[in-house]
Amino acid sequence: MDRRKFLTRLSIGLSSLIAALIAVPVVGSLIAPFFTEKPRVWRDIGPIDKFKIGETSLVKFEDATNRSWSGPTSKTGAWLRRQDKKKFKVFSINCTHLGCPVRWIKGSKIFLCPCHGGVYYEDGSRAAGPPPTGLSQYPVRVNKGRVQILTSPIPITNILGENQL
Amino acid sequence: MKKIFKKTWNWIDDRSGLSEAILPMAKHPVPPGSGWWYVFGSGTAFCLSLQVVTGICLALLYQPSSGTAYQSLKFINNFPLGHFLRNLHFFGASGMILLMGIHMIRVFIMASYKYPREMHWITGVILLLLTVMMGFTGQMLRWDADGIWAAVVAAEQAGRIPFIGKFLARFLIGGSTVGGETLSRFYAFHVFFIPAILFLFVGFHIYLVLRNGISEPPERDRPVIPGKYREWYENMLERKGVPFFPDAAWRDVVFSFLVLVAIILLAIFAAAPKLGGPPDPTAIDVVPRPDWYLTWIFALYALMPFGIEDYVIVLGPLVVGAILLSIPFLANKGERSPMKRPWSVAGVAMVVTFIMAFWYMGHKSPWSPKFTTKPLPATIVPKGNAAAKRGVKLFYTEGCQYCHSIGGRGGHKGPVLTYIGDRLTPREMRVRIINGGHQQGGMPAFGPTISNNQLHDIVAFLQTRKQGIVRKLQVVKNSGGEDK
């Protein structure tokens, strides 16, 4: 290898190395969300007596990762349904179609989605419209007379079934 | 004074060689007779530069934080110049997308993508994708209720892709839920990442135009023959070419000026989409909608047959991208005149019709429940029919009216029930309400939740919806009218 050839290769090689080194923080900051912790915590919703048997109501709680700059976005809403004395069900507010927030229609006991018209029954199962499955649910428990919900990622549905972020 | 300026300029020009670099580009020969069809590309580029300027100005006022972005948008909206600036940025974006669409149609109809300009088309397709991404992320930066739900919808769409979907969704919103990280990411995408790639490709696109020259207006029976075309083109330019500046460029300048005037007029007399409610994921009183250029996709998601959606969301963009990118390879030679390529013209007409039709449906969105509908007045049932009177109320409180309209009031998801009494017997009505519709995605079954009394009253009311009875009453119109 002569001197010129060597210097050519050296320059190209070092330039590629520089580019690769600079790419580390760029790609790293882009894909950081894959490596951040995914904490899940139980959030207190209120005393058990606050909820009437057979009724569905909107509950709000803080996400697991609530940054001081998150503002209103740190909250999550869910539909809580008290089935009997002890049993609760908590449905995700997100339509399984494309994630819009579903509304509970008290009179007809259905959930309606404002985006593409998805409909769910009171037990969260799919009733009509484009949603592929029923509403997903949050883990819920009663602890010392208080209702608690386990914070969860936004539910993602695809052809392989339900995934969580 | 004039002398000093001239001297200074001569000094700068001598040391920098600016004229030497720019004049050949400005004066390079272009085919004669390009005309007004050729102004849309430069019009698009003009809108982009306007977006850069107005975007930088907005960045002076905007707070890119999930917690405070909304307040800063209110601040921008609440003084006249800020509002004007936001309008300029919105209509600039709209203009860019619209002109880019027209430019693309012009290039396709005149087959300017044929040899040796295949790369022009390919970089153009990438620019289209990047521009739509700019539009979508820009809408999100409004960070009102629509903004956060657009972020969720984007994540859900990405999530439909098997295996990598959930990673993509996480990549987009920066975590498991919409939160502190989400807006910072979309801000970085909209202001740094996508523009960086966009400028790279705009530069490449324009460089290609300089290298291969603009395509001459097509003529019948003058096919493109790869291998021979370049020589022919050079000869033609030598014989008949005119300097780009000013012979062709004056139209670009005039058109850009008109575009600017149109955008300024729109910014003064029309308004960018209103700022919605705060970005609160627990506020369910929202009706999320995309901005106008994506309304047709929004409609597509509501109207495609149940069951194919997973395939359409995942494969649709891939197929469309593959078709667009393959066009210059499938047909890079032969006739360019649209008169000789009727199927190409028909294809454009079909795509435009398809998009316009879905755009119209998205604008109407009859599939969405109408949450704002007003109750029907009790006076629309004949006097003395107590069950029907209760039924009218139930028709509203039970939510029937969100999807069904009577006398113009109510939603359009389900059939109009204005004269349903003429079509269905009481028994048929009960069967339908209890079991729901027989179609996939049709009416839900209300059997498990509706009481016998409620069913009886609603059916009693619906039985009064007969032409004969209604004509006698004619009350809906006299008591508040139709929904807006």
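Residues numbered from 1 in each chain as written. Chains lettered and ligands numbered in written order. Predicted model: local features only at pLDDT ≥ 70, side-chain atom pairs only at ≥ 80, totals over all residues. Heavy atoms only, no water.

**Student:** Would you mind showing me how to read the overall build of chain B here?
**Tutor:** Along chain B, the regular secondary structure elements total 20 helices and four strands. Against the compact-globule benchmark of 23 Å for 484 residues, chain B has a radius of gyration of 29 Å, which places it well outside the compact range. Seen through its C-alpha atoms, chain B measures out along the principal axes to roughly 95 × 55 × 50 Å. Each of the 484 residues in chain B was classed as buried or not, and the buried ones make up 47%. In the form shown here, chain B has an accessible surface area of approximately 25,100 Å², with 69% of it arising from carbon and sulfur atoms. (Helix = DSSP H or I, 4+ residues; strand = E, 2+ residues; numbered from the N terminus. Rg over C-alpha atoms; globule rule 2.2 N^0.38 Å. Buried < 20%, exposed > 50% of the residue type's maximum accessible area, 1.4 Å probe, protein only. Areas by Shrake-Rupley, 256 points an atom, 1.4 Å probe, with all protein chains shown as cover.)

**Student:** Just checking my understanding: could you explain empty space enclosed by the protein for this structure?
**Tutor:** By rolling a water-sized probe across the atoms, one finds the places where empty space is left. Scanning the model with the defined rule gives two cavities of 30 Å³ or more in all. Here the largest cavity is characterised by a volume of approximately 150 Å³. For the largest cavity, the lining is made up of 18 residues, of which Thr76(A), Asn94(A), Ile154(A), Val178(B) and Pro281(B) are closest to its centre. Listed by contribution, the elements that provide at least two residues to the lining of the largest cavity are strand 3 (75-82) of chain A together with helix 7 (145-159) of chain B. (1 Å grid on protein atoms, 1.4 Å probe; cavity = no way out; pocket = protein on both sides within 12 Å on 5 of 7 lines; lining within 4 Å. Points joined across faces, edges and corners; volume = space filled by probe spheres on them.)

**Student:** Help me understand the sheet that holds strand 3 of chain A, please; the structure alone is not making it clear to me.
**Tutor:** In any sheet, the strands associate via hydrogen bonds between backbone groups, in a parallel or an antiparallel arrangement. The antiparallel open sheet is built from four strands, whose spatial order is 2-3-4-9 (chain A). With one partner strand each, in any of the chains shown, strand 2 (56-62) and strand 9 (137-138) of chain A form the two edges of the open sheet. (Pairing = 2+ DSSP bridges.)

**Student:** Is there a simple way to explain helix 8 (residues 165-173) of chain B in this structure?
**Tutor:** Residues separated by three or four positions in an α-helix point in the same direction, a consequence of the helix having 3.6 residues per turn. Every buried residue of helix 8 of chain B is listed here: Gly165(B), Ala169(B), Arg170(B), Leu172(B) and Ile173(B). The buried side chains of helix 8 of chain B occupy one side of the element, clustering within an arc of 160° when seen end-on. Buried residues in helix 8 of chain B make contact with helix 1 (3-35) and strand 12 (155-158) of chain A together with helix 7 and helix 9 (180-212) of chain B. Phi turns positive one or two residues past the end of helix 8 of chain B, at Gly174(B), with a value near 75°. (Arc of directions from axis to C-beta. Contact = heavy atoms within 4.5 Å.)

**Student:** Any chance you could explain the pairing of strand 10 (residues 140-143) of chain A here in plain terms?
**Tutor:** Strand residues, when the strand is regular, have side chains that alternate between the two faces of the sheet. Residues and elements named next belong to chain A. Where strand 10 meets strand 11 (residues 146-150), four bridges bridge the pair, whose relative direction is antiparallel. Among the inter-strand pairings, Val142 is bridged to a residue of strand 11, identified as Val147. Linkage of strand 10 to strand 11, two consecutive antiparallel strands, is achieved through a turn of two residues, within which Lys144 is found at a positive phi near 50°.

**Student:** Even after reading the chapter, I still don't get the packing of aromatic side chains, so can you show me in this structure?
**Tutor:** For any pair of aromatic rings, the description rests on two quantities: the centre-to-centre distance and the angle between the ring planes. Applying the stated criterion across every chain yields a total of 29 aromatic pairs over all chains. When the centroid spacing of 5.5 Å and the interplanar angle of 85° are considered together, the rings of Trp292(B) and Tyr293(B) count as edge-to-face. Judged by its relative accessible area of 30%, Trp292(B) falls in the partly exposed class. In this structure, Arg103(A) packs its charged tip against the face of Phe371(B), placed 3.7 Å from the ring centre. When the ring centre of Trp42(A) is taken as origin, the NZ or CZ atom of Arg141(A), which lies over that ring, is 4.1 Å away. (Phe/Tyr/Trp six-rings, centres within 6.5 Å; stacked < 30°, edge-to-face > 60°. Lys NZ or Arg CZ within 6 Å of the ring centre and 35° of its normal.)

**Student:** Please clarify how the sheet that holds strand 6 (residues 110-112) of chain A should be interpreted in this entry.
**Tutor:** Residues and elements named next belong to chain A. The sheet built from four strands is open, its strands ordered 5-6-7-8 with antiparallel pairing. Either end of the sheet is taken by a strand with one partner, and the two such strands are strand 5 (103-105) and strand 8 (126-128). Here the strands of the sheet are splayed against their neighbours by 35° on average, with no regard to which way each runs. As judged from the two bridges shared by strand 7 (residues 119-121) and strand 8, these two strands associate in the antiparallel manner. In the strand pairing of strand 8, Tyr120 is matched with Arg126. (Axes fitted to C-alpha atoms, helices over the stretch in contact; angles between N-to-C directions.)

**Student:** Is there a simple way to explain the nonpolar core in this structure?
**Tutor:** One recurring pattern in soluble globular proteins: nonpolar side chains tend to sit buried together. Among the nonpolar cores identified, the biggest contains 78 residues, and Trp79(A), Val102(A), Phe111(A), Tyr62(B) and Leu198(B) are the most heavily contacted of them. Per-element accounting of this core gives the leading share, 10 residues, to helix 7 of chain B. Once you skip the residues sitting within four places of it in the chain, Val102(A) turns out to touch Trp79(A), Ser92(A), Ile93(A), Cys95(A), Phe111(A), Leu112(A), Cys113(A), Tyr120(A), Leu135(A) and Ile284(B). Judged by nonpolar contacts, the second largest core, of 29 residues, contains Ile105(A), Leu112(A), Phe395(B) and Ile458(B). (Core = buried A, V, L, I, M, F, W, Y, C linked by side-chain atoms within 4.5 Å.)

**Student:** Quick question: what am I supposed to make of a nonpolar patch on the surface here?
**Tutor:** Together, Ile159(A), Leu160(A), Phe163(B), Ile164(B), Phe167(B), Leu168(B), Ile308(B), Tyr311(B), Leu315(B), Leu318(B), Val319(B) and Ile323(B) line one region of the surface with nonpolar side chains, adding up to about 1,200 Å² of accessible area. Elements that contribute at least two residues to the nonpolar patch include exactly helix 8 and helix 13 (309-330) of chain B. The leading source of residues in the nonpolar patch is helix 13 of chain B, at five residues. Structurally, the position occupied by Val319(B) is in helix 13. (Patch = residues over 30% accessible without salt bridge, like charges linked within 9 Å, V, L, I, M, F, W, Y side chains within 5 Å. Salt bridge = Lys/Arg side-chain N within 4 Å of Asp/Glu carboxyl O.)

**Student:** Mind showing me how you'd approach the domain arrangement of chain B here?
**Tutor:** One widely used convention gives an interface's size as the accessible area the parts lose upon coming together. The domain architecture assigned to chain B consists of domain 1 (29-364) and domain 2 (378-478). Using C-alpha coordinates to define each centre, domain 1 of chain B is positioned 46 Å away from domain 2 of chain B. (Domains from an automatic or database assignment.)

**Student:** Whenever I open this one, the side chain of Asp252(B) confuses me. Can you help?
**Tutor:** Residues and elements named next belong to chain B. Mapped onto the elements, Asp252 comes out in helix 11 (residues 244-269). For the buried Asp252, no salt bridge exists, and the shortest N-O distance to an oppositely charged side chain is 8.0 Å, to Arg251. Residue contacts for Asp252: discarding those within four places in its chain leaves Tyr38, Val39, Ser42 and Phe244. (Lys, Arg positive; Asp, Glu negative; His and termini not counted.)

**Student:** For this particular structure, what's the right way to read unusual backbone geometry?
**Tutor:** Glycine aside, residues mostly have negative phi, and peptide bonds are mostly found in the trans state. Residues and elements named next belong to chain B. In this model, Tyr115 is joined to Pro116 through a cis peptide bond whose omega is 0°. Relative to the helices and strands, Pro116 resides in the loop between helix 5 (80-109) and helix 6 (118-141). Of note, the bond from Phe245 into Pro246 is cis; its omega dihedral lies within 30 degrees of zero at 5°. Among the structural elements, Pro246 can be located in helix 11. Residues other than glycine seldom take positive phi values, yet Trp143 does so here, at roughly 50°. Here Trp143 is to be found in the loop between helix 6 and helix 7. You will see that Ser365, though not glycine, has its phi angle at about 35°, which is positive. Relative to the elements of secondary structure, Ser365 occurs in the loop between helix 14 (342-364) and helix 15 (386-397). Judged by relative accessible area, which is 10%, Ser365 ranks as buried.

**Student:** Got a minute to help me understand the state of the cysteines in this structure?
**Tutor:** In protein structure, a disulfide is the covalent linkage between the sulfur atoms of two cysteines. Evaluation of the coordinates by the stated rule reveals one disulfide over all chains. Cys95(A) takes part in no disulfide bond, and the closest cysteine sulfur to it belongs to Cys113(A), at a distance of 3.8 Å. Overall, Cys95(A) belongs to the buried group, its relative accessible area being 3%. Among the cysteines around Cys403(B), which has no disulfide bond, Cys400(B) carries the closest sulfur, lying 9.0 Å off. (Disulfide = S-S within 2.5 Å.)

**Student:** Looking at this structure, I do not really get the interface of chain B and chain A. What am I missing?
**Tutor:** Between chain B and chain A, the residue contacts involve 67 residues of the former and 64 residues of the latter. Taking both sides of the interface into account, the surface hidden between chain B and chain A amounts to around 5,500 Å²; carbon and sulfur atoms contribute 63%. Looking only at chain B, the three residues that lose the most surface to chain A are Glu156(B), Arg170(B) and Ile284(B), adding up to 13% of its buried area. Summed over the shared surface of chain B and chain A, the number is three salt bridges. Summed over the shared surface of chain B and chain A, the number is 25 residue pairs in polar contact (both at pLDDT 80 or more). Residue assignment for the side of chain B that touches chain A shows that the elements contributing at least two residues are helix 7, helix 8, helix 9, helix 12 (295-303) and helix 13 of chain B. Along the lines of polarity and charge, the residues of the side of chain B that touches chain A split into 35 nonpolar, 19 polar and 13 charged. (Buried area = accessible area lost by both parts, 1.4 Å probe. Polar contact = N/O pair within 3.5 Å; in protein donor to acceptor, adjacent residues only side chain to side chain. Nonpolar A, V, L, I, M, F, W, Y, C, P; charged D, E, K, R; others polar.)

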